[in-house]
Every structure is written in C-alpha cells, then in structure tokens.
Amino acid sequence: MNTFPLRIYESDGIFFEGDAQSVTIPAEDGEYAVLAAHENTVVAVEPGILHYVTDEGELFYASVSNGMLRVEDGDVLVLVETAERPEEIDEERARRKEEEAREEMRAQKSRRDFYLAEAMLRRELARLKLLKDHGNNL
Amino acid sequence: MGNVKELKNRITSVRNTRKITNAMYLISSAKLRKAREELEKTRPYFENTETEIRKIFLSAARVDSEFFHWRPVETSGCLVITADRGLAGAYNHNVLKAAEAEIAKRPGAVRLYVVGEYGRRYFKKHKTPYEGAFFYTAQDPTLRGAREIGMRLLEDYSAGYVDEIRVIYSDMENDVESVVRNVRLLPFTEDMMEDGFEEDELYREYRFEPSATVLLERMLPSYVNGFIYGALVDSFSAEQNARMNAMSNANRNAEELLGDLQIEYNRMRQAAITQEITEVSAGAKAQRRKRKKKTADPADSTLVSL
C-alpha cells in the first residue's frame, strides 16, 4: 500500500511523525479519511476520535480536540490542540471532568464560560468514547 | 571597642544579603531554563498553525471574518506584560515607557490589559485606568494562562470593545540585551500575511472543508494563544535575565564592600591589640618604677623613669 508522510502536532508537543497508509479524522459531517495522493485540501477537525495506520500496517487511535488537517503535495499535517492515546487517559478523571463541564454549562455564567465548558465537555466525551471503543479494557 | 562590634555586624549583614542575591541569581537562571524548555515543546504546533493560517487566507477567494479585516480603530486594546516584582534593573521601566507612548498616541482610547503586579501598581499610582478583572501574574507562564488571556482578548474584540489588539512585551535581542516590542496581533490583515515567506510557498490551491472562513476562525484562537504564550515566555526570560544581571551586579558590589569592610575591621583590630599591648607594657613599667622607688634615692627617680 502507498504511504505518505504524516505529522500530528498538538499544542504542547509532537504527537506523531512518520509514514502512514491512512489517517481518518472526525469532521463536521462524519469521518474524513485521507490516503496517499490525496488532493490539496484543508479540513476542519472536530473533537472526536482520530485513527491512523502506520506504514507497517499498525492501527492507532487518539482522542483529539479542535484543529485542522492539511494535505499539500502528498504531505499531511494535522494540527490539534490536544491529542491523547487511550492509555494516556485516566477514566476516572475524564468522567469527573465530564460531570464538571455539564455542571458548568448549566450554570452558564457568561458566554465565554459557556464556550469553555462546551469545548471541555466535547473533549471529555471524545476521551471517554475512545476508552470505551478502543481502550484495552482498562 | 563598640566600633569594632558595629563593623562586625555590618560585615555579617552584607554577607547575608549576598547570600540572598546569590540565591536569587541561581533561582532566576533555573526558572529561565525551565520556561524556555516548555516553550520549545510548543513550537512545532504554533509555528505551523501560523503558516497554515497565512496559506489558507492567501489562497481563499473571500474571507468573511472580522478577525482578518481592518476596521477604523477607535479604541485600541493593549496587552502589557510586566513583572510581578522589581529588582530587575530597567526591565519594568522600559515596558511601561512603551505603554505610555502608546497611550499618548490615543489619549483616553486605550484599554489596558496588564500582566504582572508591578505594572498594575504603576498604573494605579498614575491613575491610568486598566482592566480590573484582568488578573494574571508574570510568574510561571503556562499555555493554560495564555489561553485564558487569548480568550478574553478575542471576546472583547468580537464584542467591539476594542478595534485592534496590541501586545507590548520584552524579548531577548541576544544573550545579554533585551528589547521592548510593540506588535499588533489583531486584526490579522493581508499585509501581515506575506512577511517572511517566499511567494511560491504561500500561494497554493486547496479545497476547503467546510469553508476557508470557518477554518480561519477555528485556527485563529490557536494562533493568538500561541503568540501570547510566546510573548509571556519571552518577557519572562527577559525579566529573569535582567534580574540575573541586577543580582550579579549586587553580588559584585557586595564582594567589594566586604573587602573594604574586612580591611577596615583588620585595621581596627590591630589598633585595639596595639593599644592593649601599650597599656600592658605601660602598667608593667609603672610597677617596676614603684619597686625601684623603694630602693633608690628619690632624687634620681625622675631620671630613671624617663
């Protein structure tokens, strides 16, 4: 299978750098998959679950937050605020945070707080979903 | 003898002060290294975000976003980054001077967002109004703090409270000197997009999903946060560096002062010893004279004692 160079950067570091066979991101209207030789595109990434297959055929999952994916002359770059592997997520913590976010959305102190809480909720939901679907039954 | 004791106290107090300034020097250099390392980790993400924003903007046919179009500036928003404390040479003073210059350009139409206790105290003292609810320290710059600041600035910009956002901060020019920068962060207009790029690097054809405007508005907060975080860390580095210089000067002064005081103390001690010896020998002489007086002729006695 053809491969392409893939880079996934999160705000506080490099998440993945290497060759990949495919990468699939959560987009506005469902999943968006990119294979080698994809046309030049920029796609918005929604909070959710991203997965990619490395050149050795290994499949990896990660929960990601807002960002974008760009294809330029076969080079693929994913920029997301945060990205986490299932083993990096603490289920207890994610659940607690989810609860907190819901609580804060109910309180709705201001528009800004609301957006912050909403973004947090979507992040935590993505984390929990990743654990449920692809965690190693922790 | 009281004088010697005083001098001794003085030497001890200078020694203790030197211990403190030396510790502050070491702490500053450790903090500096840590902050730099943290910033370094975020570079790939933020640098690429900025590049991609520029590319998207330049290849998009139309962008309907308030963040990317200039509007008449009635009120300017200024993020001023100062330190929490003094003892850092001219560091705070230089930043505040730049802020004052900006205020003078638009009297009464500048909203100040001040980071650092020193700056807040300064504007309070000069009765210059600043955003009171905006409360961030300059210590330990974090990405989280930068995000909150960025969110607040973007919100005020969207609400129309400010028509542009400037950041006044310090940056290291080289290893020794720092400079104050005054940079317009928003709106991010076309003339700022092409800076530092080759033309063929930027103009590309892309398909946008869902649209260029949505993508730009999504990535812009990241760009703003990244810029603010960078400015916080650069300022923090400049502050620590200024403090390290101030402290190593203080150390040197303390060293000199200690040298002088030590010499003075040695002299005084020597003088005291000499005096004691004189007293002892004078006493012994008097005793000897007394004994001689008993045996010898009283008429000779004056001669002997001389």
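All of these numbers come straight from a predicted model, not from anything done at the bench.

A. Broad picture of the overall build of chain A. Each helix and strand counted, chain A has 2 helices and 9 strands in total. Order of helices (α) and strands (β) in chain A, N terminus to C terminus: β-β-β-β-β-β-β-β-β-α-α. A compact globule built from 138 residues would reach a C-alpha radius of gyration of about 14 Å, and chain A, at 16 Å, matches this within 12%. Its C-alpha atoms give chain A principal-axis dimensions of about 50 × 35 × 25 Å.

B. Geometry of the confidence of the model for chain A. Looking at chain A, pLDDT values average 85 and 93% of them are 70 or higher. For chain A, per-element mean pLDDT is lowest for helix H1 (residues 91–107) of chain A, which scores 76, and highest for strand E1 (residues 4–10) of chain A, which scores 94.

C. Quick peek at the interface of chain A and chain B. Counting residues at the interface gives 31 residues for chain A and 27 residues for chain B. Buried area between chain A and chain B, summed over both chains or domains, comes out near 2500 Å², and the portion from carbon and sulfur atoms is 55%. Applying the counting rule to chain A against chain B returns 5 salt bridges. Here Arg218(B) makes a salt bridge to Glu46(A), at a shortest N to O gap of 3.0 Å. The interface formed by chain A and chain B contains 15 residue pairs in polar contact (both at pLDDT 80 or more). Secondary-structure elements contributing two or more residues to the side of chain A that touches chain B are E1, strand E2 (13–27), strand E4 (41–45), strand E7 (67–72), strand E8 (75–80) and helix H2 (111–134) of chain A. In terms of residue class, the side of chain A that touches chain B is built from 13 nonpolar, 6 polar and 12 charged.

D. Representation of the side chain of Glu52(B) within the structure. Take Glu52(B): it is sitting in helix H1 (residues 2–59). Given a relative accessible area of 2%, Glu52(B) falls into the buried group. Side chain to side chain, Glu52(B) and Arg70(A) meet in a polar contact 2.7 Å long. In this structure Glu52(B) touches Met68(A), Arg70(A), Leu77(A) and Leu79(A), once residues within four positions along its chain are discounted.

E. Looking closely at the nonpolar core. Judged by nonpolar contacts, the single largest core of 53 residues is most densely connected at Phe68(B), Leu79(B), Val115(B), Ile149(B), Leu186(B), Leu220(B) and Ile228(B). Looking at which element gives the most residues to this core, the answer is helix H7 (residues 212–295) of chain B, with 13 residues. Setting aside residues up to four positions removed in sequence, Ile228(B) forms contacts with Leu79(B), Ala146(B), Ile149(B), Gly150(B), Leu153(B) and Leu185(B). Residues Phe4(A), Val23(A), Tyr32(A) and Val80(A) belong to the second largest nonpolar core, which totals 23 residues.

F. Inspection of the packing of aromatic side chains at higher detail. Taken as a whole and judged by the stated rule, the model has 8 aromatic pairs over all chains. Aromatic pair Phe16(A) and Tyr52(A): ring centres 4.6 Å apart, planes at 40°, arrangement tilted. With Phe16(A) in strand E2 and Tyr52(A) in strand E5 (residues 48–54), this pair connects stretches of sequence that are 36 residues apart. Judged by relative accessible area, Tyr52(A) falls into the buried class, the value being 2%. Relative to Tyr223(B), the ring of Phe188(B) has its centre 4.7 Å away and its plane inclined at 5°; by these criteria the two rings are stacked. You can see Phe188(B) sitting in the loop between strand E4 (178–186) and helix H5 (190–193) and its partner Tyr223(B) sitting in helix H7, a full 35 residues away along the chain.

G. Main features of the pairing of E4(A). Counting buried residues along E4(A), 5 of its 5 residues qualify, which places the element largely inside the surrounding structure. The side-chain alternation of E4(A) yields two buried faces, one formed by Thr41(A), Val43(A) and Val45(A) and the other by Val42(A) and Ala44(A). Note: E4(A) against strand E5 (residues 207–209) of chain B, 3 bridges, orientation parallel. Directly across from Thr41(A), in E5(B), lies its bridge partner Arg207(B).

H. Representation of unusual backbone geometry in the model. In this structure, Pro187(B) follows Leu186(B) across a cis peptide bond, with omega equal to -10°. That bond from Glu209(B) to Pro210(B) is cis: its omega, -5°, falls within 30 degrees of zero. With respect to the helices, strands and loops of the structure, Pro210(B) is situated in the loop between E5 and H7. One non-glycine residue, Ala37(A), lies in positive phi territory at about 65°. Following the sequence through the fold, Ala37(A) ends up in the loop between strand E3 (30–35) and E4. Positioned with a positive phi, Lys127(B) is a non-glycine residue whose angle comes to about 55°. One can find Lys127(B) in the loop between helix H3 (117–125) and helix H4 (143–158).

Basis of the calculations
- Residues numbered from 1 in each chain as written.
- Chains lettered and ligands numbered in written order.
- Predicted model: local features only at pLDDT ≥ 70, side-chain atom pairs only at ≥ 80, totals over all residues.
- Heavy atoms only, no water.
- Helix = DSSP H or I, 4+ residues; strand = E, 2+ residues; numbered from the N terminus.
- Rg over C-alpha atoms; globule rule 2.2 N^0.38 Å.
- pLDDT = per-residue confidence, 0-100.
- Contact = heavy atoms within 4.5 Å.
- Buried area = accessible area lost by both parts, 1.4 Å probe.
- Salt bridge = Lys/Arg side-chain N within 4 Å of Asp/Glu carboxyl O.
- Polar contact = N/O pair within 3.5 Å; in protein donor to acceptor, adjacent residues only side chain to side chain.
- Nonpolar A, V, L, I, M, F, W, Y, C, P; charged D, E, K, R; others polar.
- Buried < 20%, exposed > 50% of the residue type's maximum accessible area, 1.4 Å probe, protein only.
- Core = buried A, V, L, I, M, F, W, Y, C linked by side-chain atoms within 4.5 Å.
- Phe/Tyr/Trp six-rings, centres within 6.5 Å; stacked < 30°, edge-to-face > 60°.
- Pairing = 2+ DSSP bridges.

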